[in-house]
Amino acid sequence: MVLLHSADGLAWQSPPKGTSLKTLSEAEEQGFILIRGEFQKRQFRLTELGSDYVERDKRRLEARRL
């Protein structure tokens, strides 16, 4: 999930360029992010579940490199 890995901490932030509304909606439906705003002013932030997912994924990728 590129969207989740692009998040800078847990603060509200703009999604990366090229992120579709469908991608944001799917991540929100799965409980990984919260969304606020409309259209071009849309922002997201990771939920606790999303943050845990990113941390586990980063550790998994790091272990793969070793």
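These figures come from a predicted structure and were not determined experimentally. (Residues numbered from 1 in each chain as written. Predicted model: local features only at pLDDT ≥ 70, side-chain atom pairs only at ≥ 80, totals over all residues. Heavy atoms only, no water.)

## Considerations on the confidence of the model for the protein chain
Looking at the protein chain as a whole, its pLDDT mean stands at 93, while 100% of the residues score no less than 70. Element-level pLDDT for the protein chain is lowest in helix H1 (residues 2–6), with a mean of 93, against a maximum mean of 97 in strand E2 (residues 43–46). (pLDDT = per-residue confidence, 0-100. Helix = DSSP H or I, 4+ residues; strand = E, 2+ residues; numbered from the N terminus.)

## Things to note about the pairing of E2
Side-chain direction in a regular strand flips from residue to residue, so the side chains alternate between the two faces of the sheet. Side chains Phe44 and Leu46 project from E2 onto a buried face, and the interleaved Gln43 and Arg45 project onto a face without burial. In this sheet, E2 lies alongside strand E1 (residues 33–36) in antiparallel orientation, the contact comprising four bridges. The residue bridging arginine 36 from the neighbouring strand is glutamine 43, located in E2. (Buried < 20%, exposed > 50% of the residue type's maximum accessible area, 1.4 Å probe, protein only. Pairing = 2+ DSSP bridges.)

## Focus: the nonpolar core
With 11 residues, the main nonpolar core is built from Leu3, Leu4, Ala7, Leu24, Ala27, Phe32, Ile33, Ile35, Phe44, Leu46 and Val54. Every element with two or more residues in this core is listed here: H1, helix H2 (21–29), E1 and E2. With sequence-adjacent residues up to four places away left out, valine 54 is seen in contact with Leu4, His5 and Leu46. (Core = buried A, V, L, I, M, F, W, Y, C linked by side-chain atoms within 4.5 Å. Contact = heavy atoms within 4.5 Å.)

## So, the pairing of E1
Burial of E1 is one-sided: the residues Ile33 and Ile35 facing one way are buried, the residues Leu34 and Arg36 facing the other way are not. Between E1 and the antiparallel strand that follows it, E2, lie six residues; glycine 37 among them carries a positive phi value of about 90°.

## Brief notes about the pattern of salt bridges
Tallied over the full model, the rule gives three salt bridges. For glutamate 26, the salt bridge goes to lysine 22, with nearest N and O atoms at 3.9 Å. Taken together, the positions of glutamate 26 and lysine 22, both in helix H2 and four residues apart, correspond to about one turn of that helix. On the basis of relative accessibility, which here comes to 36%, the residue glutamate 26 falls in the partly exposed class. (Salt bridge = Lys/Arg side-chain N within 4 Å of Asp/Glu carboxyl O.)

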